[in-house]
Amino acid sequence: MCSKLAGGAAVSVVAIALGATPASASVSFDAATGAGFVGKGDVQTALGYNNAALQKAVDSKSLAFTAKQPTIQSLSQAATQAGTQAGTQPGTQSATQAATQAATQVVSQDLTCTFTNGSGTKKFHRDGVRDGERNGSRTGSRTGTRDGSRDAYRNGTRTGSRAGTVTGTLGYDIDVDARKANQYTGFILKGWKGEPTYETGTADWSAPAFGDWSFGDYAFGTWSFGDYAFGDYAFGDYTFAPVTSVAWGAWDAAPGENPDDCLRSSNADKITALSNVITPGAVTDGPVTDGAVVDGGITPGTTTDGAITEGAITYGTVEAGARTPNGPATLYVNGKAL
């Protein structure tokens with residue numbers, strides 16, 4: 001008799017001789033195409049059918065052949081990891097500082113005049129002191145440090161694999177042995193019916209392998225400086241108060257004599273010689289008054305890199321390789337393994 005399988009394919013159906021012992025035929029299968037052969041006896045053994053039961057299943061088109069095969073698939077995935085790096089930078093800052101220094105200077109005055117009226121020559125002497133001041137400046141430097149950080153990233157990849165299973169339904173025809181009019185020897189598997197389904201398992205990844213870090217510029221905080229170390233002051237000349245501001249002591253004069261006698265205008269016609277000499281003497285340095293420090297430029301030194309703090313890893317698109325068999329394919333008839 002003639003019948004059709006699901007999908008409309010015509011097949012020849014030959015009655016099984018009742019009571020015959022199922023023969024164990026070979027099972028062959030090409031997982032790539034879904035083609036192969038299953039012996040009648042193998043189907044009967046898997047399902048526990050005698051000839052009559054198998055004939056009935058063939059007539060009712062209730063046999064379904066399926067196959068499963070485990071696979072393995074290689075994976076790769078790009079990765080980018082963020083990071084930050086601390087750093088410390090030394091620096092030197094210059095400065096100038098102004099100052100004023102006070103001083104005192106002794107001054108002496110010698111006055112001599114000769115009279116024509118018989119009063120002879122008179123000599124007078126006195127000492128005094130006057131204040132002065134001079135300006136100066138000095139340079140200095142100080143050292144300091146500042147902390148900073150910079151962003152970084154590095155690229156890498158990771159590899160992995162994932163298992164999977166290809167599952168599909170197979171079309172088939174009855175294999176009729178032309179030499180045995182009342183028997184057929186098995187089932188010819190014609191290939192996959194439609195596209196087999198593929199179910200993947202969980203991916204197993206290795207740790208990412210990264211390249212070198214790429215850094216941005218450091219962002220630094222404020223400097224922290226120690227005290228300035230100054231050199232000696234460089235002073236200019238003193239500027240002293242005028243003679244009129246000298247604080248004079250008493251004249252050294254003979255009793256009854258007065259220096260004003262030499263200086264009065266009324267005595268001008270009575271004096272033949274007049275000497276009035278003021279002589280500056282030794283200078284005594286006074287205290288130095290420091291002025292404001294004027295900060296100069298900062299010269300940064302070489303930054304000392306600190307530890308890198310690794311951040312989050314961002315993964316890219318998974319690149320999947322070809323699926324390769326990872327074990328033999330298993331054939332089923334009505335869910336029973338052959």
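Basis of the calculations
- Residues numbered from 1 in each chain as written.
- Predicted model: local features only at pLDDT ≥ 70, side-chain atom pairs only at ≥ 80, totals over all residues.
- Heavy atoms only, no water.
- Helix = DSSP H or I, 4+ residues; strand = E, 2+ residues; numbered from the N terminus.
- Rg over C-alpha atoms; globule rule 2.2 N^0.38 Å.
- Buried < 20%, exposed > 50% of the residue type's maximum accessible area, 1.4 Å probe, protein only.
- Contact = heavy atoms within 4.5 Å.
- Areas by Shrake-Rupley, 256 points an atom, 1.4 Å probe, with all protein chains shown as cover.
- Lys, Arg positive; Asp, Glu negative; His and termini not counted.
- Charge placed at Lys NZ, Arg CZ, Asp CG, Glu CD.
- Salt bridge = Lys/Arg side-chain N within 4 Å of Asp/Glu carboxyl O.

**Q** Explain the overall build of the protein chain here, please?
**A** When helices and strands are tallied, the protein chain shows three helices and 20 strands. Relative to a compact globule of 338 residues, whose C-alpha radius of gyration would be 20 Å, the protein chain shows 59 Å and is clearly more extended. Across the 338 residues of the protein chain, 29% fall into the buried class. Sequence separation of at least 24 residues holds for 85% of the intrachain contacts in the protein chain that already meet a minimum separation of 6. When the accessible surface of the protein chain is totalled, it reaches about 19100 Å², and 50% of it is carbon and sulfur. Taking the average location of the 25 positive side-chain charges in the protein chain and that of its 31 negative ones, the two points are 19 Å from each other.

**Q** It is not clear to me how the pattern of salt bridges should be interpreted in this structure. Could you clarify?
**A** Between side chains of opposite charge, a pair can form when the charged atoms approach closely. A full pass over the atoms with the stated rule returns five salt bridges. One salt bridge connects Asp173 with Lys190, and the closest N-O pair in it is separated by 3.6 Å. Taken together, the positions of Asp173 in strand β6 (residues 121–176) and Lys190 in strand β7 (residues 184–192) put the pair 17 residues apart, joining distant regions of the chain. Assessed through its relative accessible area of 48%, Lys190 is described here as partly exposed.

**Q** What am I meant to see in the environment of Val43 here?
**A** When you line up the elements, Val43 lands in helix α1 (residues 40–47). Note on Val43: relative accessible area 0%, which makes it buried. A sequence separation of 16 residues divides Val43 from Val27, and the C-alpha atoms of the two residues are 9.8 Å apart. With residues near it in sequence (within four places) discarded, Val43 still touches Val38, Leu54, Phe65, Phe187, Val333 and Leu338.

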